[in-house]
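Observations on the model geometry
So you can see what is in the structure, the chains are spelled out below.
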Amino acid sequence: MSDPIRQPARQSDAATSAHDRVYRGLRSRIMFGQMAPGESLTLRGIGRDFHCSMTPAREAVHRLVAEGALQMSSSGRVATPELSGERIEELASLRALLEVELASRALPRAHMALIERLQSINNAITEVVSNRDAMGYIRANLEFHRTLYLRAQAPAMLAMTETVWLQLGPTMRALYSRLRRSEAPYQHRLIIAALKAGDEPGLRLAVRSDVTNGLKMLADP
């Protein structure tokens, strides 16, 4: 016989788990450029993709709307944002402020194992670029930056940075198709070199250039 006290708790845990699974899945799709700017979503489609009911799908959508990853019109239409030039410039400026500071804070804690890990990720970026894998590029590029920024030991600042990445995800996909890269960003090599040399001004300059150059090209086509 089931315990009438424990059963509601189990149901609540299951609902929380479903919401978290849908939220994380959608968040990953958006951040890593699996969705194009202006792409519509429906609760029915989300439920079908994640094998869940409407409730966790709705809760995940509302959470992502609050984070700026999705937009909801007055009619209830939900879609990824189509960012204006002004909005792209604003987010690029945020990246420059936050990520340069994170890199600077990470520098005193950088060690050879971190530098080797960054080099390995950068080699993987070159490989996905050669395969014209847009989503693989975005994922590996963000992994490069996140690996460095984790050494800053500034979780609140990193969380803010990831929210900016989330808002930019679909736009980064559009940017990649325009850049037509043949290798990993040159600035990554400058970042790694600055870390090896303990060169804080060089590191700050390389990070700022890396996170803003492409976005500024989109803001001013």
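Residues numbered from 1 in each chain as written. Predicted model: local features only at pLDDT ≥ 70, side-chain atom pairs only at ≥ 80, totals over all residues. Heavy atoms only, no water.

1. Describing the pattern of salt bridges
- Here the structure, examined in full by the defined rule, presents ten salt bridges.
- Residue R24 is joined to D20 by a salt bridge in which the shortest nitrogen-to-oxygen separation is 3.0 Å. In this pair, R24 and D20 both sit in helix α1 (residues 6-31), four residues apart, roughly one turn of the helix.
- A salt bridge links E90 to R87, with the nearest nitrogen and oxygen atoms 2.7 Å apart. Of this pair, E90 and R87 are both found in helix α4 (residues 85-106), three residues apart, which corresponds to roughly one turn of the helix.
- By relative accessible area, which is 41% here, E90 ends up partly exposed.
- The class for R87 is partly exposed, based on a relative accessible area of 27%.
- Bridged by salt links that share partners, the residues E101, R105, E200 and R204 form one connected network. (Salt bridge = Lys/Arg side-chain N within 4 Å of Asp/Glu carboxyl O. Helix = DSSP H or I, 4+ residues; strand = E, 2+ residues; numbered from the N terminus. Buried < 20%, exposed > 50% of the residue type's maximum accessible area, 1.4 Å probe, protein only.)

2. A look at helix α2 (residues 43-50)
- Those residues of α2 that sit buried are G45, I46, G47 and F50.
- Positive backbone phi, at 55°, marks H51, one or two positions downstream of α2.

3. Structural notes on the environment of N213
- Looking at the element boundaries, N213 is found in helix α9 (residues 200-219).
- The sequence separation of N213 and A92 amounts to 121 residues, and the corresponding C-alpha distance is 8.7 Å.
- Side chain to side chain, N213 and S209 meet in a polar contact 2.9 Å long. (Polar contact = N/O pair within 3.5 Å; in protein donor to acceptor, adjacent residues only side chain to side chain.)

4. Let's talk about unusual backbone geometry
- Despite not being glycine, H51 has its phi angle at roughly 55°, a positive value.
- Tracing the backbone shows H51 in the loop between α2 and α3 (54-66).
- By relative accessible area, H51 is classed as exposed at 71%.
- Notably, Q153 is not glycine yet its phi reads approximately 55°, a positive angle.
- We classify Q153 as exposed; its relative accessible area is 53%.

5. Some points on the sheet that holds strand β1 (residues 40-41)
- An order of β1-β3-β2 is seen for the three strands of this open sheet, with the pairing classed as antiparallel. The sheet is open, and its two edges are formed by β1 and β2 (71-72), each paired on a single side.
- As paired elements, β1 and strand β3 (residues 78-79) share two bridges and run antiparallel to each other. From the neighbouring strand, S40 faces β3, where its bridge partner is A79. (Pairing = 2+ DSSP bridges.)

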